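Listed here are the chains, written in short residue letters.
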Amino acid sequence: MSIDCSSGIAWPPTSIGTLIATQTNGREPRGRPREWVNVGATFPAQYNCGVRPTTSTRLIIGVWAIGFVVGTITHTIDLVTGGFNVYAGFPEPVRWFWISLTVIDPLVVILLIRRSRATAPLGVLVMIADLAVNWTVFFTVGGLSLVGVLTQSIFGAFVFVTAAHVWRKLRR
C-alpha cells in the first residue's frame, strides 16, 4: 500500500468500507481517482505524514536536544582546551569513553532533528553508559563534581522516563 500524505489517501484501499465517495476540495490526488478518500484508516507510525507534534512531544524532544547539546559542548570544550590528554588523571578506558561522547552526543541530536526512531534507544544507551561511568568515577577515583553528576542523573532519569514516548512519536 502506498500512502499519499498530501491528500490522506491510502491506495490501494484496504477495504471499500474505509472509503467514501466525495470530492477532495478541488485537489486531484496524484494518479488516483478523485472520488476516493480514505476516512477511516489509521496509518502505521512510519507514515507520520508530517503531522505536527503535540506541545508535550516538542517539549520532551527539546529537553533531549538541550541535554545532549550540553554534553557535546562540554566534551568539545574539554578537547579544545586540553587536547587528547584532557582527562589525563583518569583511567584510559574512561578517557576514551568521554572523548567518544564528543561524537556520540551530537549524533543523538542529529537523529532527533531527523526525527529518527533510533534516537530513543541510542539516547537511553548513552545515558546508561554515561551515568554508570560517571558515578563509578565519582565514587572510586574522584575528580567529578557532585552537582554535575546529579544534574546528569536528573537528565538521565528524564530520558529513561520519556524514551517510549520519543520512540512512538518519531517517524522513522
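How each quantity is defined
- Residues numbered from 1 in each chain as written.
- Predicted model: local features only at pLDDT ≥ 70, side-chain atom pairs only at ≥ 80, totals over all residues.
- Heavy atoms only, no water.
- Phe/Tyr/Trp six-rings, centres within 6.5 Å; stacked < 30°, edge-to-face > 60°.
- Core = buried A, V, L, I, M, F, W, Y, C linked by side-chain atoms within 4.5 Å.
- Buried < 20%, exposed > 50% of the residue type's maximum accessible area, 1.4 Å probe, protein only.
- Helix = DSSP H or I, 4+ residues; strand = E, 2+ residues; numbered from the N terminus.
- Contact = heavy atoms within 4.5 Å.
- pLDDT = per-residue confidence, 0-100.
- Expected span 1.5 Å × (residues − 1).
- Axes fitted to C-alpha atoms, helices over the stretch in contact; angles between N-to-C directions.
- Parallel < 35°, antiparallel > 145°, perpendicular 65-115°, else oblique.
- Left-handed = near helix turned anticlockwise from the far one by under 90°.
- Nonpolar A, V, L, I, M, F, W, Y, C, P; charged D, E, K, R; others polar.
- Patch = residues over 30% accessible without salt bridge, like charges linked within 9 Å, V, L, I, M, F, W, Y side chains within 5 Å.
- Areas by Shrake-Rupley, 256 points an atom, 1.4 Å probe, with all protein chains shown as cover.
- Salt bridge = Lys/Arg side-chain N within 4 Å of Asp/Glu carboxyl O.
- 1 Å grid on protein atoms, 1.4 Å probe; cavity = no way out; pocket = protein on both sides within 12 Å on 5 of 7 lines; lining within 4 Å.
- Points joined across faces, edges and corners; volume = space filled by probe spheres on them.

(A) View of the packing of aromatic side chains. One pass over the structure, following the stated rule, counts eight aromatic pairs. Ring centres of Phe90 and Trp98 lie 5.0 Å apart, and the angle between their planes is 80°; on these two criteria the pair is classed as edge-to-face. Put simply, the rings of Trp64, Phe68 and Phe155 touch in pairs and so form one group of aromatic residues.

(B) Focus on the nonpolar core. Ranked by internal contacts, the top residues of the largest apolar core, which has 25 residues, are Trp64, Phe68, Phe90, Trp98, Met127, Val159 and Val166. Of all the elements in the fold, those that place two or more residues in this core are helix H1 (55–82), helix H2 (92–113), helix H3 (119–140) and helix H4 (146–169). Counting residues per element, this core draws most heavily on H2, at eight residues. Contact partners of Val166, with chain neighbours within four places excluded, come to Ile60, Trp64 and Ala120.

(C) Spotlight on the confidence of the model for the chain. On average, residues of the chain score 79 in pLDDT, and 69% of them are at 70 or above. Within the chain, strand S3 (residues 19–21) has the poorest average pLDDT of any element, 40, and H3 the best, 96. Across residues 6–26, confidence stays below pLDDT 50; counting only partners more than four residues off in sequence or on other chains, it has 49 contacts. Taken as a whole, residues 32–48 scores under 50 in pLDDT and shows 48 contacts with residues more than four places along the chain or in a different chain.

(D) Region of the structure containing H3. Compared with the 32 Å implied by 1.5 Å per residue over 22 residues, the 31 Å span of H3 between its first and last C-alpha is a close match. Every buried residue belonging to H3 is among Thr119, Ala120, Gly123, Val124, Val126, Met127, Asp130, Leu131, Asn134 and Val137, and all of these are buried. Where H3 is buried, its residues touch H1, H2 and H4. Downstream of H3 by a residue or two, Gly142 has a phi angle that is positive, lying close to 85°.

(E) Structural detail: the packing of H3 against H4. For the pair H3 and H4, interaxial distance at closest approach is 9 Å and the crossing angle is 160°. On the basis of the axis angle, H3 is roughly antiparallel to H4. Note that H3 runs across H4; the crossing there is left-handed. Residue-level inspection shows Ala120, Pro121, Gly123, Val124, Met127, Ile128, Asp130, Leu131, Asn134, Trp135 and Phe138 of H3 in contact with H4, the latter providing Leu146, Val149, Leu150, Gln152, Ser153, Phe155, Gly156, Val159, Phe160, Ala163, Val166 and Trp167. Classifying every residue of the contact of H3 with H4 gives 17 nonpolar, five polar and one charged.

(F) Main features of a nonpolar patch on the surface. Taken together, the side chains of Leu125, Ile128, Phe160 and Val161 make up a nonpolar region of the molecular surface, amounting to roughly 410 Å² of accessible area. Sorting the residues of the nonpolar patch by element identifies H3 and H4 as the ones contributing at least two each. Within the secondary structure layout, Val161 lies in helix H4.

(G) Summary view of unusual backbone geometry. Positive phi values are uncommon outside glycine, yet Arg115 reaches one of about 60°. When you line up the elements, Arg115 lands in the loop between H2 and H3.

(H) Quick look at the layout of surface pockets. Volume-wise, the largest pocket comes out at about 510 Å³. Thr74, His75, Asn134, Gly148 and Gln152 are, among the 22 residues lining the largest pocket, the residues nearest its centre. Counting residues per element, the ones that place at least two in the lining of the largest pocket are H1, H2, H3 and H4. Each residue belonging to the lining of the largest pocket can be placed in one class, and the counts come to nine nonpolar, 10 polar and three charged.

(I) Structural view of the pattern of salt bridges. A complete count under the given rule lists one salt bridge for this structure. A salt bridge links Glu92 to Arg95; the nearest nitrogen and oxygen atoms lie 2.8 Å apart. Here Glu92 and its partner Arg95 are both found in helix H2, three residues apart, which amounts to about one turn of the helix. What makes Glu92 partly exposed here is its relative accessible area of 40%. The exposure class of Arg95 is buried, given its relative accessible area of 11%.

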